[in-house]
Amino acid sequence: MRRTCAVSLVFLLIEACDVFGAEPRGIADILKSLEGAGTPFEAICDLRCLEYLGLDAAPAVPHLIQLLDAPDKGIRAAAADTLGAIGKDATAAIPKLVERLGEGDLPRISTELPVTDVGAHAAFALGTMGKDAVAHLTPCLTNKRSAVRSNTVCALDMIGPDAHSAVTSLIGRLKDRDWLVRQCAAQALGSIRSRPNRAIPALVESLKDKNFNVRRCAAAALGAFRPTTPTALEALSSALHDEEGNVQHEAAEALANLGNEAVPAVPALADALKSREMYIQGHPGHFRPVAETAARALGAIGPPATNAMPALLDLVRDRNRTFQGFTPGDNRDNYEARGEAAIAAARIDPQSDEVVRVLGQSLQFDVRIRQEVAIALALVGPKARGTVPTLIRLSKPDRRFCHDLNCACAAVAIEPDNPLAVRRMLDCFPPVPGPFDDDDWALLRTALARAGAASRPAIPVLIRLVEDVLKDQENAARTLATFGPEAQSAIPALLDLLTSRQEHPRQEAIEALQQIASEKSVPLLAALKDPDANVRSGVVEVLGYSPRALPLVMKGLDDPSARVRLAALMSLAKLESSAAPAVPQIRRLLQADSRAIREAAVIVLQKVEKR
């Protein structure tokens, strides 16, 4: 009950920030309100407003450092979050944040939210401050308190490659007496990816740890290193037979990252297709079959995994009824694994008559995997032309389920000049349950691109999806990008998405605008004067892809917002030598008050001047 109340409080805070925290409310006003806050709730709302300002909130750092000693732990946690949003310009707070690392501990159950765990919030903040924090953090790895050690390791995990000097100490933490510290140390080594000759053998040894969470993270970290040595491949193959499904899953994912370099593991992956183990995905946890991950790994290996084809096709057909009664009291089969096996078979041998025959049969008689079989047939391409009439027949516009849309999209992908298939695709979009997963979106983008001008009626539908916060805005924006300049009407909706507090949808909006808008676009140019710095910085990033927009990007170097100036610098870095006219302005930023801007200016000058 207590956890539910805490989660509700978080959502209330977010809503309050949306109402009170939007620009142009300035930092002075927010600080004045913060000083006069009558309750912790009011203070936290003001801190969330500062957090939204990010780098522009740097003048508040001294006040935020003081708040790390506030009596209310919610205020202390929010102050740490705000310092993390400021990042490298808040390095003065490092010593105080290090002091706070021991306040609380990271959750040991995946469904537990550390809402007021000040130590975890301090670790997050330190993780944004880069290499300057490493020297302060490394001594904490041997602290007597496990809470300090675990939070320290997580901070180093966030810092990533810049924490390479701590690798030796982190390897030592793989033997820590606290399993949470060992787990976080494995994760951190995978994020840092330094000194592989020492880290990989240590992670292989951690695959034998008595705690399955440590083994799981060790397997994931090995996947980040992409090891190809026989010892590492053998260890990952053995982990496919671990007693815990989560470990099996991470081992399969690690092998998938290797692509065709994981060929020695094909027999073990083929054997894993028979696994009845499950792993937990997402939060809150959703159980998924390990066999699905094994099939995906085989698909990533591609044609070299031909020896696994019989096992894959057997799984698609469920010939051995391996998955009937998959769990106690459950009479369903493992359709998720069977669908992924269909896609993997199409990737490995798209020219096989047997593959087309099995996919065609499953398409007609097994609605449970029809969605994935349609994707597989699209991967097969023209060889699956004989299935197009069935794909069209099985797509029902009056239902508009995901498998209806997938069937129509597959028909278009195979026969893009088929007007009935294109019309059916447009009638089925968007699916009623929605949103659907990345593979379905990828199929839709392929079909829309191949249909060309005939697919334009999908643009207004995609715009509505971008505008709907309950839908998959990220994929909708990415899909609009496939239309290029023909999707001009989507520019206002994409500009609105630049205000998103979530980074991925915002980044997709920027990339979509780069494909759709030009430096002459009236809405885009008007957005350069938007009161929200997040919008202005996003527009500067959009303009940074074109040398013709150099004068507009250079104006961003004089913007009052540090976020916009930083975005302008990063855009100029992409233009490299084409940005030479901006060198005098960039040199002036070497004296900027913001450390983040000074460091970025140095990097940009190196790229522009080819030093």
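A. Here's a closer look at the overall build of the protein chain. Looking only at helices and strands, the protein chain has 35 helices and two strands in total. Relative to the globule expectation of 25 Å for 611 residues, the C-alpha radius of gyration of the protein chain, 26 Å, shows essentially globular dimensions. Oriented by its inertia axes, the alpha-carbon framework of the protein chain measures out at about 70 × 60 × 55 Å. Considering the protein chain as a whole, with its 611 residues, one finds that 56% of them fall into the buried category.

B. Main features of helix α3 (residues 40-53). In this model α3 runs 20 Å from its N-terminal to its C-terminal C-alpha over 14 residues, within 8% of the 20 Å that 1.5 Å per residue would give. A large share of α3 lies buried, amounting to ten of its 14 residues. For α3, the set of buried residues is A43, I44, C45, D46, L47, R48, C49, L50, Y52 and L53.

C. Molecular detail of the confidence of the model for the protein chain. On average, residues of the protein chain score 89 in pLDDT, and 90% of them reach the 70 mark or higher. Mean pLDDT across the elements of the protein chain ranges from a minimum in helix α1 (residues 2-20), with 38, to a maximum in helix α10 (residues 167-173), with 97. Considering only residues more than four positions removed or in separate chains, one finds that residues 1-24, a stretch of pLDDT under 50, has 30 contacts. In this model residues 109-115 is a low-confidence stretch, pLDDT under 50, and it forms 14 contacts with partners more than four residues away in sequence or in other chains.

D. Unusual backbone geometry, seen in detail. In this chain, F429 is followed by P430 through a cis amide linkage whose omega measures 0°. If you trace the backbone, P430 turns up in the loop between α24 (419-428) and α25 (438-451). Residue R195 is not a glycine yet carries a positive backbone phi of 50°. Position of R195 among the secondary structure elements: in the loop between α11 (179-192) and α12 (196-206). Judged by relative accessible area, which is 39%, R195 ranks as partly exposed. Phi angles above zero are rare outside glycine, and E576 is one such case at about 50°.

E. Summary view of the environment of A239. With respect to the helices, strands and loops of the structure, A239 is situated in helix α14 (residues 230-239). Spatially, the C-alpha atoms of A239 and P201 are 15 Å apart, while their sequence positions differ by 38 residues.

Rules of the game
- Residues numbered from 1 in each chain as written.
- Predicted model: local features only at pLDDT ≥ 70, side-chain atom pairs only at ≥ 80, totals over all residues.
- Heavy atoms only, no water.
- Helix = DSSP H or I, 4+ residues; strand = E, 2+ residues; numbered from the N terminus.
- Rg over C-alpha atoms; globule rule 2.2 N^0.38 Å.
- Buried < 20%, exposed > 50% of the residue type's maximum accessible area, 1.4 Å probe, protein only.
- Expected span 1.5 Å × (residues − 1).
- pLDDT = per-residue confidence, 0-100.
- Contact = heavy atoms within 4.5 Å.

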